Each structure stands twice: as structure tokens, then as C-alpha cells.
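Listed below, chain by chain, are the residues.
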Amino acid sequence: MNKKLHIFPKKKLANLGQPPGTLIFTGEKKVEKPKITVIDYNEKKLQEKEVKRIEECFSFKDISTVTWINIDGLHDLDITEKIGKYYNIHPLVLEDIVNTTQRPKMEDMGGHIFVTLKMLSYGEESGKIDIEQVSLVVGANFVISFQEKEGDVFNPIRERIRKNKGRVRKMGADYLAYALIDAIVDSYFSILEKFGEEIELLEDELMKNPTTEIATKIYALKNEFIFLRRSIWPLRELISGLERGESKLVKKSTLLFLRDLYDHTIQVIDSIEAYRDIISGMKDTYLSSLSNRMNEVMKVLTIIATIFIPLTFIAGIYGMNFQFMPELAWRWSYPIIWIIIGITGISMFIFFKRKRWL
Amino acid sequence: MNKKLHIFPKKKLANLGQPPGTLIFTGEKKVEKPKITVIDYNEKKLQEKEVKRIEECFSFKDISTVTWINIDGLHDLDITEKIGKYYNIHPLVLEDIVNTTQRPKMEDMGGHIFVTLKMLSYGEESGKIDIEQVSLVVGANFVISFQEKEGDVFNPIRERIRKNKGRVRKMGADYLAYALIDAIVDSYFSILEKFGEEIELLEDELMKNPTTEIATKIYALKNEFIFLRRSIWPLRELISGLERGESKLVKKSTLLFLRDLYDHTIQVIDSIEAYRDIISGMKDTYLSSLSNRMNEVMKVLTIIATIFIPLTFIAGIYGMNFQFMPELAWRWSYPIIWIIIGITGISMFIFFKRKRWL
Amino acid sequence: MNKKLHIFPKKKLANLGQPPGTLIFTGEKKVEKPKITVIDYNEKKLQEKEVKRIEECFSFKDISTVTWINIDGLHDLDITEKIGKYYNIHPLVLEDIVNTTQRPKMEDMGGHIFVTLKMLSYGEESGKIDIEQVSLVVGANFVISFQEKEGDVFNPIRERIRKNKGRVRKMGADYLAYALIDAIVDSYFSILEKFGEEIELLEDELMKNPTTEIATKIYALKNEFIFLRRSIWPLRELISGLERGESKLVKKSTLLFLRDLYDHTIQVIDSIEAYRDIISGMKDTYLSSLSNRMNEVMKVLTIIATIFIPLTFIAGIYGMNFQFMPELAWRWSYPIIWIIIGITGISMFIFFKRKRWL
Amino acid sequence: MNKKLHIFPKKKLANLGQPPGTLIFTGEKKVEKPKITVIDYNEKKLQEKEVKRIEECFSFKDISTVTWINIDGLHDLDITEKIGKYYNIHPLVLEDIVNTTQRPKMEDMGGHIFVTLKMLSYGEESGKIDIEQVSLVVGANFVISFQEKEGDVFNPIRERIRKNKGRVRKMGADYLAYALIDAIVDSYFSILEKFGEEIELLEDELMKNPTTEIATKIYALKNEFIFLRRSIWPLRELISGLERGESKLVKKSTLLFLRDLYDHTIQVIDSIEAYRDIISGMKDTYLSSLSNRMNEVMKVLTIIATIFIPLTFIAGIYGMNFQFMPELAWRWSYPIIWIIIGITGISMFIFFKRKRWL
Amino acid sequence: MNKKLHIFPKKKLANLGQPPGTLIFTGEKKVEKPKITVIDYNEKKLQEKEVKRIEECFSFKDISTVTWINIDGLHDLDITEKIGKYYNIHPLVLEDIVNTTQRPKMEDMGGHIFVTLKMLSYGEESGKIDIEQVSLVVGANFVISFQEKEGDVFNPIRERIRKNKGRVRKMGADYLAYALIDAIVDSYFSILEKFGEEIELLEDELMKNPTTEIATKIYALKNEFIFLRRSIWPLRELISGLERGESKLVKKSTLLFLRDLYDHTIQVIDSIEAYRDIISGMKDTYLSSLSNRMNEVMKVLTIIATIFIPLTFIAGIYGMNFQFMPELAWRWSYPIIWIIIGITGISMFIFFKRKRWL
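First, a word on scope: everything that follows refers to the structure included in this document.

Each value, and the rule that gives it
Residues numbered from 1 in each chain as written. Chains lettered and ligands numbered in written order. Predicted model: local features only at pLDDT ≥ 70, side-chain atom pairs only at ≥ 80, totals over all residues. Heavy atoms only, no water. Axes fitted to C-alpha atoms, helices over the stretch in contact; angles between N-to-C directions. Helix = DSSP H or I, 4+ residues; strand = E, 2+ residues; numbered from the N terminus. Parallel < 35°, antiparallel > 145°, perpendicular 65-115°, else oblique. Contact = heavy atoms within 4.5 Å. Nonpolar A, V, L, I, M, F, W, Y, C, P; charged D, E, K, R; others polar. Least-squares fit on C-alpha atoms with pLDDT ≥ 70 in both. Buried area = accessible area lost by both parts, 1.4 Å probe. Salt bridge = Lys/Arg side-chain N within 4 Å of Asp/Glu carboxyl O. Polar contact = N/O pair within 3.5 Å; in protein donor to acceptor, adjacent residues only side chain to side chain.

We now examine the packing of helix 7 (residues 252-317) of chain A against helix 6 (residues 212-243) of chain B. Running from amino to carboxyl end, helix 7 of chain A crosses helix 6 of chain B at an angle of 170 degrees, the nearest separation of the two axes being 10 Å. Regarding the angle of helix 7 of chain A to helix 6 of chain B, the classification is roughly antiparallel. Here A:Gln267, A:Asp270, A:Ser271, A:Ala274, A:Asp277, A:Ile278, A:Ser280, A:Gly281, A:Met282, A:Thr285 and A:Asn292 of helix 7 of chain A come into contact with helix 6 of chain B, specifically with B:Thr212, B:Tyr219, B:Lys222, B:Asn223, B:Ile226 and B:Arg230. Its residues assigned to classes, the contact of helix 7 of chain A with helix 6 of chain B comprises five nonpolar, eight polar and four charged.

In C-alpha cells:
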């Protein structure tokens, strides 16, 4: 995962010095042409279509059905501006929509609620977490969702709308917005599961054979969680902001669901914190296993050196060439030397056993 | 203990993408067939029976006695749904009941209060903590408790009801709910005691002989407490939520007991925090004892090497084969060498004594 | 100190499963027979006696003088129950009184205030902190104090009452309760002073000669403070609860004294936190001094080995038995070898000087 | 970067003991002569000029256009005093303006709002962060900005005023003040980007080759962030103070922009905290890589010593000069010795392979 | 600095068991005889004198001018008691005044405000921080200041009063009290500067040559900051208590100055926290530099041993005395040995170069 990109929003720099409310697309252009889809429904009717021009959606504004306009691709600022004008969205909100480095937040703008958050997905082939900003503008009878590229976690919701499953068709735009955010929060659970598996693997490896690669992986994992935390933590405030129910756009019947969503978010944040604790524990374990290794190495060295250095000294003594060394001529000197060596060796062995080095 | 399962609720993934309020059983099926028992009582009367079909319990709903329906086994969603319909329980609550990865929480749903928390038990044979989710739905004159499997910590309460001991028969459903939660919180004390014993054992071992196994145990213990904390910490909020007395289902006479329960919870949490501190102290002690060991090993090596390497050098000198080495021919060379060796050895000994290495 | 007992209230387990309000004595029986003393006074009169049966005290209840009943020894549940009945004390309070593992707390029960806290004393001979639970029931004109055994820190107060010193005789039961708590808080200062002395001693030793024993002592001290903190920290809340002045039993004239008491408690807690910081600094110092020692040991080894290993090699060269080694026959070979050895030694010495190893 | 200057405001010492409200310039004199520029505008008119004497600006005070007076250079206390007198600014505010060691803060003085904060810039050539204090006095129709020297981040705003771009010309003095603060907060993003690059470089180096220089850089970087945090953290409070909208000088239309600015500030603070976490992770990585290195060094030593010390002992044995050493005369002794050496070597090799040292 | 005295207020023990409000002097007697000075002033008049007996001051009480009575030396409890009686000061306040181990605090007693805080000064000759308790009793038209000994930081204020500089003569007793506290807070800046210099010195030394002395100094410095923090941190609450303006003794015109003072206090606390961070960073740096040193030592040892041990083995081989060693008789054996030695040496050198050990 490219953590470098995540920590700091480089692209923010693009609109330094611009007047606030200036639309500047700060992400990578991830799709060629924005794709716009509309789903318009109430309990009885359902209409779903892909449109070429954003103006085709505007006719839905004044009828009482719930309209969900989804835009994949943010670089065409023209679309955003037209929506802004037609739906009367504040320029600062539009600026936030196309600036893909927003911190998750919720803004009650009176006529509509603005919500921006991060959709995370785990790129199996790349082994990286893919981050995509999703912004929602929620009005009385419409939800406009902005995504950076095609592909999202909303398909189950689309299915539920199409098949009139659950209560989504019976409820309003606020419930739809809830369902979308809920789908994103649910997807965090999958991400966390991936991390959980990675952590388990690392733990097993760490116990078996602590190498520098594992240290590097732990370090990287720790940084991933710094990033993950940054992306998810603000959700808590965001959802509790919605749940506090101060906007008349959020109906009372939806509040209960928002409370449930809030609980889920807490659960995700809780898991992140627990993982952080575990990772920091792994770091300590790695360090102590390094010390252990060193101890083991030192013991081998010390045992060998402690046994053989004195013996070599003894051998050295009788390798001296003095003319007057009576022992040299003795008949039993050589066997005695071997006996001395044997005794020394055995007593060393006992010494090390007692010190629990062997 | 299988910490891996605990930290992250894998089974949550089962209902990703489902509309909220969909009943999906996310735990392991721990019993073959759910067991349903009913205890119905007031101060004068008592009726206790096991029923086959949940419908048999419904007759108790409309009479003024307190009814405690206990269901062991959550996988039969049919039962949950029928209860939900008959007792008018919100679908989100039903979803939480059968999702065994809930964070402990309390929800005041108006007509009833929903409480979910964790019942922990220490599996003696497995050496693992067994975790079971217990959910309570508390109404004006009924308590419905959902457990994952048979076997619980509620037997003393059943006895008290049967024998009309204490005040339980004189008080309402809210007091029964309190008594059930109190029994669970009390059981945490036993769990903590087990951990306390384990920690004491580890401490003693650590002082005697710090091995890698102990480090691994400390590490595991630390992770256990991360998990324990996650399971118990939210109780604080849960019980203070009940105690705040905003629900009219909680009578004033019960508030005092809830305050007492709150104190117990604080005591449990306090103990967990204290244990965490102690465990983290053990980790430090382990690391410093590793360093100590290393020091000891190094000292032995250094003493041996420092004494014998110079001596071996001296012996090496007189092992040289130069033709003109006058000392070789001297009469007292060899004894003098031994004297030098002796002096060197003694001065080294004094040196090490002074450095407090011996 | 037996930290094992302190951290976790084992005896709590005794009343697991009992209905709340059941009196179960959970401490050790520290006295043979409870000792009951009564002091009854107002500004003019004073009566002090030891009674055999608790009923003898009850006559004081209905007269306007302040009555202080002190009970040393909790195991006679009969006494507690009679008091409870006569003074109309809630069963949960009675349960807390005889359960000696309470967390310090204050409970305003309407007709009386219940306060429980820990009296600590330093057992000179045992080197252990002795912990005793003290509970106070404070009514309009009486204070009943429960202690685990004889001997307390209240003698100066008794003296002040007897000699009509200070204002205690002029004020009511609430002031007496304040005075008792104040005496206990004051005694914490002595405990802290003991610890302060121990820490100073350890610091001095640590600087002189860091041994494993010191590490063990630091570790033990750290755990002591975990325990101390747990015992004293809740006092803050307790006293601020009293001071908030919501109970009509606490007169306005006493509030000022409670505020003063609160300041003292903060001072104690402050000191505990400061000591904790210092102890954790000592731990770091110990670790770094271990590293230092290792460095020193390694330097000695390296100096010796680095000087003598090359020299031994040179000696080894001329110990070889090749037939054609012209140097062996040279006249000045041997002196030259000594010169080489000398030069090598001196340059090594300079090398080590420069590296600041010597 | 000269961290030493930053942490502690030495120059504060200059006005120790002076009566509060005494103007004492505490910074370095960074410009020769203060430069005063005025921009006066409303939606229709624009006037921009540089003035010699501050009095020339005063005529703008009583006309309804927005006047922005910018003063580069604080050492001429005369100017500050005159402005203070004419615009009725509190002496304590004036004192804060010329004291360049202020903590960022906002003060609502009734007739005007006083804001002081830090403008940071990265000196490419010096590799140091340059810090400059900017103070704003915001009135109903004027903004007076005080800077330590020429050169700032306000040029884009000047351009927008000149070219009537964005909404700045349509709005009041409060919006201008917002725009100025926004420009400064935006500039923090550039600073953070610089640090981000530096951190990435260090990370790469750290993985490749952990040297003492890198440790020193990490240490320096950590101190930079201590300083950065100190400079930026108070902004949070500052802006939320403005946004709370209690001053009637801040119009409702500006509040939304201030909320946006607040979000930006949170984002900056968030990034700082994330970087701090990453830097502290780098420190740990450095330490563990040191241990790794040591392990590697020790392994080499141990392998060599363990192989050759026993062999040298064997050679030493047969270098002894005893007269009765039967092996010396044997025909195959020498080849057998080599075989023993070979076997020892190979078994050592296998031993080390198994221990994963090779 | 004698940290031992600071952390724990030993002298507090002196009044254990005394009734509250008992005057007991707990400090060292730092002056022979208390010195009492009075300054009485309003905008027009000024009277300053030193008095022998405290009663001489009492005449000022009932005239409308502001009276500042300063008492240097606390051991004469008679003076304190007389003041207490005449100015109607609560006994608990008097107790706090003479007990020199107070935690800084502010107490609104209705008729007067009581403030106690610490005046710190750096004893150049002793290298120790000198701590002195200053207590202020602030009434409608008087300020009584109590100090432990002569010499304070108030001379600039005396000058300002004498010379009618600044606004002190125009304002009331509350402003005087503010000015006194302000002078003390200002003096903290000088203390911090001293520490700043010490830290800079230590940092430089640490980079150059990390010795045990530096570790000891860092450790001591850390403990100094624990103490400093304890002395200054409560000021925050103290001043914000005054500033909240609930006492009618503090006039509205003074509030602005108190807010300014509050900012200064925050700045001091901020600096303390930043220094603490820096010191803890130094500790880490010291530890990592120890590891570095060890690495360096080990490398030298390993290089020497790895080169010479194998060579010595080769020499040992040909020092053996076997009769049948054909190489011994070969003509070119000896030069070949030298070539082998040369090659081994060079390849080792390359090996170490590659490992970056050289």
C-alpha cells in the first residue's frame, strides 16, 4: 500500500491561493468519462437509467419520488457545477466534493446535508488498500452520490431497491443515505478482516523466526493503521452528528437506524484500537526476540571460548621450547594432560548446565 | 484461548449487504435444538416449565405476573421472529440478538429495553475463555433472555426465585433484569481471579528463570486483556444508561441496586486496568532480565578470555623456534614463567573483584 | 507487601450468587470479639464508654447530642444487622460495610450518608502496607464508624473531643465525619513519606551499583503504586461528592473544611503521580545502566583480545616447524619480534585512547 | 532549523517587570524601515497605495469601504502606538502585536477582534523553517495586519481583490480576515508536504542503512514537530472561537467559511499527529535495526571463533614438546588431523545452518 | 537541586492530627525576624514604610486607599494570627499561609480572596532552584502578601507604584494582586530559560560523547520537570478561577489583564510540556547511542578476531611436531604460508567493506 500518498494530501496544494469555493479537481483522473446513473423510486414505481448529460436528471427534482443520482468520476467539473446550480448547493460543498483529500465530515447546509467519507477496498492483486472518496448530498427527496470511479459497495442496495426488498422503497431519501453510509461502514469490516488475517500470519511467523522482513512488515502495518484510523475515526462524529437529529431532513423513523450505524462505527473503531495494541505488542515481542537471539549466539560463543581457550593455553605451555622443563621428559605427562583436559571439559559442562546455558 | 476469533467479529461479514433488520444468525450453532424455559412468578405464585414451542409462552404476556422466558440457542430464527412479532420488538433489536458479535450495549426502545452483553466462563479443560452473548429484552412484566447455548450463571437467581429468597419475588421485571446482569458481572470476578492466579504464577517464574515461553505467555496474556477490556468496558456506559433512570420501565426502587451494580462494574474495570499495568511491567522486567543474562554471559566470556589470552601469548612467545633466544637456555626460565602466570592471574582476579564482576 | 491480595479482591467471590443485600463478611477475622465504643458529646457535655452489646448505644439516637459509635471488628454480622435495623440503613450499605474489598465511595442515602474508604498503615516490622477498610454512616446527629480491627488514626480526634480542643465539640456529626476522613487522608502523607524514603534509597543504590535486586525492588514498588493509586484515586470523587453540598446532612459551615480536605486529597494524588513518573524514570535508568555495563565489559574484552590475538599470531608464525624459515636463524630476529610487539601494543593503546575506550 | 530559538521565547524576557501594556519590541529587527500598504475597496471601487506615514491611512477609517492596512516591520513602536490611539486598540493588544513570541490566540475586544498566529515558510537555501508572527486587528470596516518583515502568503488575496475574483470584494472586513487566516493555514500544507518528503527520504534510508546520522535526523525531526505542534495546535481553539459567532463583527455569511477553515485546521493537526506517530515508529525501527546489526556482527564472530578455536586447540596439542607422545611418530597422524579438522568444520557448518545463522 | 525535598512535602507531617485551622509553621525558618513593609497609595498619595509591629498597619484598613502589606518570614505565628483576627481571615486560610507545602490554589472566601503560589528562583551559586511560597490575601482595598524570606520579584512593581508608572496607582487592590501574580509568572520564564540553556548544552554533549554523567543529568533534569510541572500546572486553574470573574472583588477592568496573564501561564505550561518531550527524546537518543557504541566495539573485536583466529590456526598447524608432515620439508612452504595469510587478510578486508563495517 502506498502509505506515502495517504498520510498527506498532496493534491490539496493545487488549490492553495484560490478563492474558497473554486472548483479544482485534486484527485487522479480514474475514469475516462464520468458515468451518471439515476434511480428514481417510490413504493410503487421504479425507474433506473444511465444518462449521458446531467441535465436529463433534473426533471426528477420536482416530483415527490426519491431520486438517487450517482456520478462515477469527478474530473468533469462542468457536471458538478451544473448540479450545484440546479440543486442550489453551496460552492464550498462543491469544492469539497471534487477535492478528494477531504477529512470525513458531515455538514448540515439547511436545504441539504453534505456527507463525505472514504470507501476502502482491498486490491487483491496489488496487496494495497484502495481509497476512494464518496460524497453524498442529501435533500428532501434526492440523494446525489459522487464517486471517483466506477465500482462500489452499493450493489446490494441497488438490488434491494430493484426487488423492493427490505424497507428502502418505503422510506425516504434520508434512509437511502443511511443505507449508503451503512454499506461503506460494513465494507470496513472486510478490510479489517484482511488486516486481521495478515496480523495472524505475522504473529505466527514472528513466533517461529523473527527476521528483519517481519520487522519491516510490522512497521508498515503500523503505518497502515495510522492511516486507517485517520480515515475512519472522524466517522464517529459524522454519524453522531446525523443521529442527533437536528436536521429536519432526517426523519424520526431513520434515527433508530442511524443509532445502529453509530454502534457499528464504534465497533470498527474499537477493532482498530485493539489491532493497534496488538501490533504494538508484536513490536515489543520482536525486540525481545532479538535480544533472545543475541543471548543464544553469545552463549554458543562463550561456551566454546570458555572451554577451549584455557585448554589451548595448557597446550601452549608445553609447546614452549625451554631447555629445562622437567615435565617434558616425564613418561606420563601426555596422558595426564589429556586427563586434565577431560576434567576441565566436564566441569565446564556442569558449570554451564547449572547456569542453564545448555 | 483463541484470541484470533475474539478481536474481530468475522461472522459479522455474513450479513454485509443485507438490509438492516434482516435476521441472520452469525454464531456457531452451539446446541442442537433451542431450549425454552419459562418462569412466571409474583410474590405469591410461581410457575416454571420447559416448553417445546415458543407460542406456549405467549399466554403469559397479558397477565400481571413477571415472566422470564429463557432461550438457549439462537440459530432457530423462527423463534426469534415469532417473539419479535408477539412482543412487538424492533427488527434491529432482533438482528442484534442473533448476531453474536455485538458490542455490549443498552437500547431503550420505548416499550422495552434491550440489553446485550458478554457472559464469560473459563473452560478449565481447554484453558480458554469461553464467550457467550446474552441478550435481554426487558418489558413491563417480562424479561426474555437469549443465550447461545445451555449452561449459564443464572442458577442462583433461579434458586432465589424458587425459594423466594431475597427480594426478587417481591419486585418487578426490571429487578429481575438487574439480577441477571449482576450475576454476569459477578462472574467476571471469577474470570479475573483466574487471570490473577496466572499472573502470579508468571511473576514467580519470571523472577526465577526468564525464558522465551514466559515471554510468549506474557504476550498472550496481554492480548487476552485487550480482548477482555473490549468486552467489559462498554458495560460501564450500559449500566449508567440504565441507572440514569430515564426509562419508566426501570422503577425507582431498582435504581439503588443499579448504582451498586455500577460500582461493581467500575471495580472490574479498575482491576483490568491494574492488571494491564502489571502485565506491561512484567514485559519490561522480562526485557531487563534478558539484558542481565547477556551481561552475565558476557562477563564469563570476558573473564576467561582476559585471563587466558595474554597467558597464551606468553606461552606462544617461548614456543617460537628462533635459534637465538637466550631465555630458552636459562635454568629458571620455566619456573619464572609460571610465576608470571600466577601473578597475572591474581591481578586479573583482583581487577575483576574491583569491577564487581565476581 | 503482599500485592497479590491487594489488586484483586478475592474474598468478593464469597458472595457471588447471593441476593444483593445479603450480609457476608469477606475479610479476615482480625479481632476475636468486636469492640464497641461510644462517644456522645455536645459543646457542654461529654460521655465516653465501651459497651458490650450494641443495644446499649441505641439510647443515644434520639437525643440531640452528637453520637460517635465506633466498631472494631466486622465479622459479627449480628451487630451490623441490629445497627442496620435500628438506624434504618439500607441492606446494600450493610453489605458494603462487611465486604472489605469495596472501592472507596460515597453514597447519599437520604436519611444518612455512607462513606467507605481505606485506612493504610505501614507495618514497620513487616515492611508491608497494612490495609483496613473504614466505613462511616453519617446521620443527622450520629456517626457510626466500622473498622476491621482495633487501632486507628483517630486518637487525635478523640483527644480533641475529650479536651474540647478545636471546634469539633461545637459542630455537628458532619464535621465529625469530616474530621475522621481528614485523619485518614493525613495518614496517607505518612505512607507517602515512607515510600519517598524508599525511593530515595533506591535512587542512590541505583546510581552506585545497579543489580537485579534493585530491578526487582523497582518492579515491586511500581506495583505498590498501582495498588496505592487504586485505593486513593476514588477519594477525589468521594470528597467532591460530599463537598458539592447536595445532602442537607452536610452543613454549610462544614463545606469549607471539605474543600480544604479536597485540596489535600489532590495533593496526595499529585504526589502519587509524581512518584510514578520518578519510578518509571528509574526503570529507564536501570535499563540504560545495564547497557552501560555491557559496554564496559565488551570494551575490556575487546581491548585484551585486540592487543593479544595479533601478537599471538606472530608468535604462532615463528613457532612453525618449517625447515626453510630464514628468520629463525637470524641473529636479531628475537629482539625484533619484541620490538614489533612493543610497537603494536603502543599503537593499540593510542587507538583505544582516541576512541575514548580507555 | 534552529529549534533552540523556537521552543522557548527568549525575547519575552525583555519585558519582564514592565507594566502590562508597555510596548516593547521583542523580535529581531528584520527590515530597515516598516513598509505600510493600504488597500481600500468595496464592490465597485479599489484603491491601493504604499504610504510613508501611518497617518495617511487614517482617513479611510470613517468611510464605509473595507480598508486593509498592512504593516511589514514591527520595530517602529511609534506606528503601532499611533494606530492604537486612532483605532482605539487596547494597550495589551498592542503589547502582544510587538511581542513576537505570542502563542496563537483570538481575543474579542468588543470594538475589534484581535488575532495573532504564526506564518511559517520553508527556507529552501537554509533548510530551516522560518517563522513570522502575523497579527490581525479586525474592525467593522478595516483589517490591520502586522508582519515582522516583507514577503508573505497574501499575494493571491491581493490579486483576487485587484481583479475582483471570487467574492472578496463583495464581502466585508470579516471575510478579508478569514481569507488572510485561510491563506496562512493553506501555507501549512506546503510545510507539511516538505516534511512529508523528508520523512519519506529518511524512511528509505533507514531501511537501507541505519546510521547515526539518520538517528540524529529523526531526533531533529521529532523536535521540529514538537515545535510545529506548538505553533499550530492553538489555531483550533482560535478558529472555533471565531466560528462560534459570538462577535457581531463576524457576519453570518462568513461563518460557513470559518467552519470550512476549521476543517482545514483539523486536517493539518491530524497530519501532524500522524507524522508524529510515524516518526516515533521510525525511532523504534532504528533501535531494532541496531539490535539486528549487532546480532549479525555477533554471528560472524561466533561462527569464526566457534570453528577455529577448537581446531587451534587440536593443533596446539600436537605442538607440545613431550617426549612421549606416541601419535607424533605415527605415519597417518597428520592426515588424520586434517580429516578431523574437515569433519569438525562440516558439522559446525550444519550446526549453524540449522540455527539459521547462515 | 534537592528534588527530594520538593516532591513530597515532609513538613506537612508536622500538623498531622492537629485540628484544622491550627497554625503550625512547617517551613524552615529562613529569616531571623519577620520584616513588615506597608505601601499605601491611591492615584494622588503614596506612603511607604517599614513597621516593627503589625498593629501599625491596621490603621490603613478603614481608609479608601489601596494598602499593600508585605510580610517576609512566616515563623512568627503571632503576626499571622493578629492579621487574621483584624482582617477577619478564615483559620483554614491562615493555616495554609504558614504551611509552606501548599499546592497553588485560589479560594474565594467572600470578604477576601486567598491565593497561594510558588515563587521560583535559580540560585546561580548552588545550581539549584530555590522555591518560596507566596500567599496573597486580597480584600476590597488591601493586599497582604506573605513570603518565606526577604528578596522577591516584586521590585519592579514597587518602582511602578513609587514613580506612578503604568496604571497601577489608578487601579484597585485587585489590579495590584494581578500585578504581583504576573511578576511571579514572568519569573517562570527566566527559570525556563535557564533550563533551556541547560538542555541545549546537554544536547550538544550528548551528540558528541554520550557518557553516564549525561544520562544522570538527563535523569535529574527529567525529575526537575516533574517537580516544576507540579508547581506551575495548578496555576492554570487558579488564574482561570480569578478570571471567571465570579468574585465582586475583581473589577471588570482587571479581567482583561487576567486573561492576558492566563495566556502567559498557558505559554509557560506549553513550554514545560515541550521540554518534557525533548528530554524524553534525549533519553531515547542516549539509549540508541549506547547501542551504537556497543556495535562499534563489537565490530572492532569481530574484525580483529575474524582475521587473526584463522591465521593463528594455520600457524598452529605447522607448529605441530608430527614426524611425517611433508610440507615442513618443502622449500616454498614458508613463503606460500605468507601468501595464504595475505590472501585471507585481503578477502576479509573486502568482506568487511561490503558489510560496511569499515
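Superposing chain C onto chain E takes a rotation of 72 degrees combined with a translation of 0.0 Å along the rotation axis, leaving an RMSD of 0.1 Å. Here the copies are linked by what is in effect a five-fold axis. Considering only C-alpha atoms, the part of chain C nearest the rotation axis is C:Gly319, at 4.5 Å. The share of interface residues of chain C whose copies in chain E are also at the interface is only 17%, consistent with the copies meeting through different surfaces.

For the rest of this paragraph, the subject is the interface of chain A and chain D. On the chain D side, the residues contacting the 67 residues of chain A number 66 residues. For the pair chain A and chain D, the summed buried surface comes to about 6,000 Å²; carbon and sulfur atoms form 64% of the total. A:Lys105 serves as the salt-bridge partner of D:Asp260, at 3.7 Å between the closest nitrogen and oxygen. Those elements that provide at least two residues to the side of chain A that touches chain D are helix 1 (3-7), helix 3 (91-98), strand 4 (105-108), helix 6 (212-243), helix 7, helix 8 (326-329) and helix 9 (333-354) of chain A. Tallying contributions element by element places helix 7 of chain A first for the side of chain A that touches chain D, with 20 residues. In terms of residue class, the side of chain A that touches chain D is made up of 36 nonpolar, 14 polar and 17 charged.

This brings us to the interface of chain C and chain E. Each partner contributes to the interface: chain C provides 66 residues, whereas chain E provides 67 residues. Taken together, the two surfaces of chain C and chain E that pack against each other cover about 6,000 Å², and 64% of this comes from carbon and sulfur. When the buried surface of chain C facing chain E is broken down by residue, C:Phe313, C:Phe322 and C:Phe324 rank first, second and third, together holding 11% of it. Between chain C and chain E we count seven salt bridges in total. Summed over the shared surface of chain C and chain E, the result is 19 residue pairs in polar contact (both at pLDDT 80 or more). For the side of chain C that touches chain E, the secondary structure elements donating two or more residues are helix 4 (155-163), helix 5 (173-208), helix 7 (252-317) and helix 8 (326-329) of chain C. Broken down by element, the residue count for the side of chain C that touches chain E peaks at 36 residues, all from helix 7 of chain C. Here the side of chain C that touches chain E is built from residues that sort into 29 nonpolar, 19 polar and 18 charged.

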